[in-house]
Amino acid sequence: MAPKLNPTFPSLLLLLLLISFHLCTVVAWKKEEFRTCHQTPFCKQARSRTPHSSSLFATGVAILDGALTAKLRHPVPESPDQDQIKPLLFTLSVYQNGVVRVKIDEDPSLDPPKKRFEVPDVILPEFEATKLWLRRFQTETVDGDSEPSSIVYVADGYEAVLRHSPFEVYVREKQSKRRVLSLNSHGLFNFEQLRVKQEGDDWEERFRSHTDTRPYGPQSISFDVSFFDADFVYGIPEHASNFALKPTKGPGVDDSEPYRLFNLDVFEYLPDSPFGIYGSIPFMIGHGKTRGTSGFFWLNAAEMQIDVLGSGWDAESGILLPESGSRIDTLWMSEAGVVDTFFFFGPGPKDVVRQYISVTGTPAMPQLFSTAYHQCRWNYRDEEDVENVDSKFDEYDIPYDVLWLDIDHTDGKRYFTWDRVLFPNPEQMQNKLAAKGRHMVTIVDPHIKRDESFHLHKEATNKGYYVKDASGKDFDGWCWPGSSSYPDMLNPEIRSWWSEKFSIKNYVGSTPSLYIWNDMNEPSVFNGPEVTMPRDALHYGGVEHRELHNAYGYYFHMATSDGLVKRGDGKDRPFVLSRAFFPGSQRYGAVWTGDNTADWDHLRVSVPMILSLGLTGMTFSGADVGGFFGNPDTELLVRWYQLGAFYPFFRAHAHHDTKRREPWLFGERNTELIKNAIHTRYTLLPYFYTLFREANTSGVPVVRPLWMEFPSDEATFSNDEAFMVGNSLLVQGIYTERAKYASVYLPGGQPWYDLRTGITYKGGMTHKLEVSEETIPAFQRAGTIIPRKDRYRRSSTQMVNDPYTLVIALNSSHAAEGELYIDDGKSFEFTKGAFIHRRFVFSDGKLTSSSLVPNAPGKTLFSSPCIVERIIILGRSSGPKNALIEPSNRKAEIELGPLWLRQGKSNSVLTIRRPNVPVSEDWTIKIL
């Protein structure tokens, strides 16, 4: 983080001081470098407002362009000296699949000083095509009002209500009239309109040594949102905090900050904190036992602060909302932008996720290799170091798929270059990895070194492609290369220019097996206010940085991903890891939780962080295994690998000041434990890849909270120490050292099978289990079928044609079902139907395989030579000796065999040996 420095210092000394300060922050997070709500005028002001303070009322209600429209007005001022506040434009639109959109903005016909910023390129064009064109509205007097409200149909069983006076908008169930979601029920709405600066106006804001000129003055927006029949609220990442969001204001809540959404480069962030870190997704989900799930999304890229209001916060307001069981009130505050909000009313958790994804897009389908294990460090020193690390993985029989290079592989922190002393033959280095089915990732950050001899800087300067400072000059900030400028990624032309830099021709030394890592894209500016870009910096179209700050990294991620697609002529799926993110980032790649620390608290908080990301679209996420800062003790490192093997994104990473921590450096026993954890991931890759396809089509996350699968089980609502991987696996981390026991809650009325031993545990209760060093508690849900690949290879690429194992976990009805998705693992041909998607059903002693692919008469778009080699049946005692395979009319032997191969002692379970049925065909196997 950047200290206050005298700008007259020699530039080299300044750079050294900045970078050394940035590195020294491993000791502690410097809280004073970042603003609190009290130091942020728009937040302080909004928090001080009392219920009923909004006097807005709706007039001129009409249907226009298929939407319900109105003007929101303030009462005529009592004093002739007061100016009449201009009315705001209100628009309510309805979309298919249960989405209501509410927009509120200034009236352009009244000549505001500038157009307020609306975030482009986030909402899917196809979403706009799902708009339901309203033709009429009804009126009804609600809550004893003096005038009627306007009611429109939104979906079967649901209506949207525009309450005229006082202004309020909400969605309700049509028959019961029970509210689901509401905006401004407590009268906290406030919209600061843009004004022309008058003599004597002091709009500047100062924080530490920095001054924000604020040329358009205060322009904040705030309002309350209520989630009815909700027991908890979740979402709004990114914070290192509980999954179920705790109250930040109200009785019994002392000196708490709101949840902040402001993308920042925060070192060694604190666990259990509402402080904003690298990414921002202003999407919140409410869930409760009575009704189910609802969601609220505000598309706004300016700084946002959100209070979760504790019970009784409004006790003195006199507001009496309709009785609706439990209710959670929230206060949303933003520095700028417009009101562009989306109401999702479920009613199930997966419904809400699908509704949100219909607006912002489904997660990208990753390449298969990227779902396997990644090995990273700041920095692998040179080609010899890379070759040694790679060969050691083979020597110790540990698979991995990707080796990463951090900033020190470049020539003086000039991205798209190589240090030719340390990496003289980068193509040869990558090709050696590729020969084993492995890949490499290099880092490309948004700060471009201001060096006239650097072709990228020279080109960006000449084309005028940099973000400008408040005076209109190219913004000059400090980051890893020293003096740096930042491409203005809001401009589509500049994003296109940037994407061309990833071609094999332009990125000299790259190969098709090289992929990209975007770091520092919040953006990080070491000498900027709060270690980021000043809010009055200027972007394309005169947009201030304050208006789009949280989306800068999103556009950078987008341009980089597009570059890799172009590099492969549209045939190769990109892999780009980004630290900063925003709604829609799920369409462009993976994210991780940033610069965490090697301690047990950070291991613990990784789970709610990943759950929150998945719930809000970012399913391809993970945390640095082992912790980025500090040196983990061996037990912590082993436990982190055992948990990380179930993260959607599985990567080990470490700071250059830490001790080397490759898996073989901790003694034979610990190497074996880490290897087993990594092997577990590789064995389960078919299951993970199938789940990534589910996320790609529906948005339902790979790793999900227990209540997503058990939405009526209240014991799951605040449980964020355990999580589901798909609908079939439950994983419980071990978060304390020298733990001997773990309490694990297994939901539902069906049994669960220990993933390692096959031992059965009863559902619907908490079990106190002995903990061993070999593994963390993990269970397969009764009634599910999980596909595996049990042969060990060097990388996932080398496993492609290996046979499958199916693990059938029978429920109390002796039935189970599951799915398997297969494609070529790398191209976009799956979008044209080139994939295999099988459904397996076991019932009445018979296993059936059928296709879920729509029929393509006379044409097979994708085929696989793979067979099913073993079928394991859990929950059935031994007895039968044979099974009949149809339509081939063959018999297969049934015997007791190991549940796991090559992982120590394993219980014997009922196994159908070598049925050797093609994975791509229909067949049945009946136990005789």
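Read on for an overview of the structure. If you're wondering where the values come from, they're calculated on a predicted model, not measured in any experiment. (Residues numbered from 1 in each chain as written. Predicted model: local features only at pLDDT ≥ 70, side-chain atom pairs only at ≥ 80, totals over all residues. Heavy atoms only, no water.)

Description of the pattern of salt bridges
Applying the stated criterion to the full structure yields 81 salt bridges. Asp474 is paired through a salt bridge with Lys468; the nearest N and O atoms lie 2.6 Å apart. Lys468 sits in the partly exposed class, given a relative accessible area of 22%. The network of salt bridges with shared partners includes Arg35, Glu205, Asp212, Arg214, Arg260, Glu303, Glu335, Glu530, Arg535, Glu544 and Arg546. (Salt bridge = Lys/Arg side-chain N within 4 Å of Asp/Glu carboxyl O. Buried < 20%, exposed > 50% of the residue type's maximum accessible area, 1.4 Å probe, protein only.)

Notes on the packing of helix H12 (residues 634–644) against helix H13 (residues 668–683)
Where H12 meets H13, the closest approach of the two axes is 8 Å, and the angle between their N-to-C directions is 10 degrees. By the angle between their axes, H12 is roughly parallel relative to H13. The two elements H12 and H13 meet at a crossing, and its hand is left-handed. Residues Thr634, Leu637, Val638, Tyr641, Gln642 and Gly644 of H12 lie in contact with H13, whose contacting residues are Asn670, Leu673, Ile674, Ala677, Ile678 and Arg681. The residue makeup of the contact of H12 with H13, split by class, is seven nonpolar, four polar and one charged. (Axes fitted to C-alpha atoms, helices over the stretch in contact; angles between N-to-C directions. Helix = DSSP H or I, 4+ residues; strand = E, 2+ residues; numbered from the N terminus. Parallel < 35°, antiparallel > 145°, perpendicular 65-115°, else oblique. Left-handed = near helix turned anticlockwise from the far one by under 90°. Contact = heavy atoms within 4.5 Å. Nonpolar A, V, L, I, M, F, W, Y, C, P; charged D, E, K, R; others polar.)

Details of the state of the cysteines
Evaluation of the coordinates by the stated rule reveals one disulfide. With its sulfur 2.0 Å from that of its partner, Cys37 forms a disulfide with Cys43. Linking Cys37 and Cys43, the disulfide has an S-S dihedral of approximately -100 degrees and is accordingly described as left-handed. Taken as a pair, Cys37 and Cys43 share a single burial class, namely buried. Cysteine Cys376 shares no disulfide, and the gap to the nearest cysteine sulfur, in Cys479, comes to 17 Å. Exposure remark for Cys376: the relative accessible area of 3% places this residue in the buried category. Residue Cys479 is classed as buried on the basis of its relative accessible area, which comes to 0%. (Disulfide = S-S within 2.5 Å.)

Considering the sheet that holds strand E26 (residues 477–479)
Ordered by their spatial adjacency, three strands build an open sheet running E25-E27-E26, and the pairing between neighbours is antiparallel. A single partner strand is all that each edge strand has here, and the edge strands are strand E25 (448–449) and E26. (Pairing = 2+ DSSP bridges.)

A word on the environment of Ile912
With respect to the helices, strands and loops of the structure, Ile912 is situated in strand E51 (residues 908–918). Judged by relative accessible area, which is 3%, Ile912 ranks as buried. Beyond its immediate sequence surroundings of up to four residues, Ile912 is in contact with Glu869, Arg870, Ile871, Ile873, Ala883, Ala892, Glu893, Ile894 and Ile925.

So, helix H14 (residues 685–698)
Over its 14 residues, H14 extends 20 Å from the first C-alpha to the last, a length consistent with the 20 Å expected when each residue adds 1.5 Å. Within H14, twelve of the 14 residues are buried, which leaves the element mostly enclosed by the surrounding structure. Where H14 is concerned, the buried positions are Leu685, Pro686, Tyr687, Phe688, Tyr689, Thr690, Leu691, Phe692, Arg693, Ala695, Asn696 and Ser698. Positioned one or two residues after H14, Gly699 has a phi angle of 85 degrees, which is positive. (Expected span 1.5 Å × (residues − 1).)

With respect to the side chain of Arg579
If you trace the backbone, Arg579 turns up in the loop between strand E31 (576–578) and strand E32 (590–592). Only 3.1 Å separates the side chain of Arg579 from the side chain of Asp519, close enough to count as a polar contact. At 2.7 Å, the side chain of Arg579 and the side chain of Glu522 are in polar contact. Contact partners of Arg579, with chain neighbours within four places excluded, come to Asp265, Tyr278, Asn518, Asp519, Met520, Asn521, Glu522, Ser524, Trp592, Gly594 and Asp595. (Polar contact = N/O pair within 3.5 Å; in protein donor to acceptor, adjacent residues only side chain to side chain.)

Details of the environment of Lys131
With respect to the element layout, Lys131 can be found in strand E5 (residues 131–132). Sequence separation of Lys131 and Lys103 is 28 residues, and the distance between their C-alpha atoms is 14 Å. Those residues in contact with Lys131, other than ones at most four positions away along the chain, are Asp65, Gly66, Ala67, Ser93, Val94 and Tyr95.

A closer look at the nonpolar core
One broad rule of soluble globular proteins: the nonpolar side chains tend to lie buried together. Grouped together as the largest cluster of nonpolar side chains are 223 residues, with contacts concentrated most on Trp498, Phe575, Tyr641, Phe646 and Val725. In terms of nonpolar packing, the next biggest core, distinct from the first, is built from 49 residues, Ala230, Ile236, Val339 and Phe343 among them. (Core = buried A, V, L, I, M, F, W, Y, C linked by side-chain atoms within 4.5 Å.)

Section: the packing of aromatic side chains
In this structure the tally under the stated criterion is 61 aromatic pairs. Both rings, one in Phe297 and one in Phe342, keep their centres 5.5 Å apart while their planes meet at 25 degrees; by these two values the pair is stacked. With Phe297 in strand E18 (residues 293–298) and Phe342 in strand E21 (residues 339–344), the pair connects residues that are 45 residues apart, well separated along the chain. Aromatic pair Phe297 and Tyr356: ring centres 5.3 Å apart, planes at 85 degrees, arrangement edge-to-face. You can see Phe297 sitting in strand E18 and its partner Tyr356 sitting in helix H4 (residues 349–360), a full 59 residues away along the chain. Exposure remark for Phe297: the relative accessible area of 0% places this residue in the buried category. (Phe/Tyr/Trp six-rings, centres within 6.5 Å; stacked < 30°, edge-to-face > 60°.)

A closer look at the sheet that holds E31
In spatial order, the strands read E33-E32-E31-E28-E24-E23-E22-E34; together these eight strands make up an open sheet with parallel pairing. Because the sheet does not close on itself, it has two edges, and the strands there are strand E33 (621–622) and strand E34 (650–652). As paired elements, strand E22 (residues 373–375) and E34 share three bridges and run parallel to each other. Opposite His374, over in E34, you have Arg651 as the bridge partner. Seen against the sheet, helix H10 (residues 552–567) touches strand E28 (514–518), E31 and E32 and runs at an angle of roughly 175 degrees to E28.

By themselves these figures say nothing about function.
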